[in-house]
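Okay, here's what each chain looks like letter by letter:
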Amino acid sequence: MALERTFSIIKPDATRRNLTGKINAMLEDAGLRIIAQRRIQLTRAMAEGFYAVHAERPFFGDLCDFMTSGPVVIQVLEGEDAVAKNREVMGATNPEDAAIGTIRKTFAESIEANSAHGSDSAENAAIEISYFFADVELVG
Ligand code: GDP
């Protein structure tokens, strides 16, 4: 197993319901270490750039509206197999399909307002981390 880093977002539906601490506890209980964290308001340009890979999907506009509808907490998580572990703790995209005990099963409101983002590969994690954080902000 390898020590890895992944990128995470606590989404606006979760910050609106004051769930940052509860979600962080689930991440930490799974063995992930929060080595960088910042609460920010995404601009439209930031949301569109971050989700550019989904630009052709029918829900792209709605997704960017949602992601700019309130504050988000952006994070870098570190741990053994952090990318896969974070995906496991988050659960499936659609909360109806997510396993019991996962962040999305516990907190998500819908397939869109699903409380958390996590990188889907180590390669994308590196891209997403550098989109928001400078190397000096990552304190492992
Ligand atoms: P993830 O990797 O599990 O976050 O899923 P995706 O990369 O496929 O989708 C990115 C984000 O787009 C999801 O986390 C949801 O917030 C949103 N999303 C995905 N599928 C749908 C959909 O069918 N409808 C809507 N409105 N949003 C979606």
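Residues numbered from 1 in each chain as written. Predicted model: local features only at pLDDT ≥ 70, side-chain atom pairs only at ≥ 80, totals over all residues. Heavy atoms only, no water.

Details of unusual backbone geometry
How we decide: The helix count covers DSSP runs of H or I at least four residues long, the strand count covers runs of E at least two residues long, and both are numbered beginning at the N terminus. Note on classification: 1.4 Å probe, protein chains only; a residue is buried when its accessible area is under 20% of the maximum for its type, exposed when over 50%, partly exposed between these limits.
For Asp81, which is not a glycine, the phi torsion comes out positive at approximately 50°. Along the chain, the position of Asp81 falls in the loop between strand S3 (72–80) and helix H5 (82–90). Given the relative accessible area of 28%, Asp81 is considered partly exposed. The backbone of Ser115 shows a phi angle near 70°, a positive value even though the residue is not glycine. Position of Ser115 among the secondary structure elements: in the loop between helix H6 (103–107) and strand S4 (116–118).

Things to note about the sheet that holds S4
Stated precisely, the cut-off is as follows: At least two bridges found by DSSP between two strands are what make those strands a pair. Only the stretch in contact is used when fitting a helix axis, every axis being a line fitted to C-alpha atoms; angles between N-to-C directions are given from 0 to 180 degrees.
As summarised here, the arrangement of the four strands in space is S2-S3-S1-S4, forming an open sheet in which the pairing is antiparallel. The open sheet is flanked by strand S2 (33–40) and S4, the only strands paired with a single partner. Averaged over all adjacent pairs, the angle separating strand axes in this sheet is 20°, with direction ignored. The sheet contact formed by S2 and S3 spans seven bridges and is antiparallel. From the neighbouring strand, Gln37 faces S3, where its bridge partner is Gln75.

What about the site of the ligand?
Here is the rule we go by: For this purpose, a residue is taken to be near a molecule or strand whenever a single non-hydrogen atom of the residue falls within 4 Å of it. Identification of polar contacts relies on pairs of N or O atoms within 3.5 Å, with a donor-acceptor requirement for protein atoms, meaning one able to donate a hydrogen and the other able to accept it, and with residues adjacent in sequence counted only if both atoms are side-chain atoms. Here the open area of atoms and residues is found with the Shrake-Rupley method and a 1.4 Å probe, where only the protein chains shown may cover a residue. The nonpolar class holds Ala, Val, Leu, Ile, Met, Phe, Trp, Tyr, Cys and Pro. Asp, Glu, Lys and Arg form the charged class, and all remaining residues, Gly among them, are polar.
Lining the immediate surroundings of the ligand are Lys11, His54, Arg57, Phe59, Leu63, Arg87, Thr93, Arg104, Ile111, Glu112 and Asn114. A distance of 2.6 Å separates an oxygen atom of the ligand from a polar side-chain atom of Thr93. Taking 550 Å² as the accessible area of the ligand by itself, protein coverage stands at 80%. Its residues assigned to classes, the shell around the ligand comprises three nonpolar, three polar and five charged.

Functional significance is not addressed by these values, which are geometric in nature.
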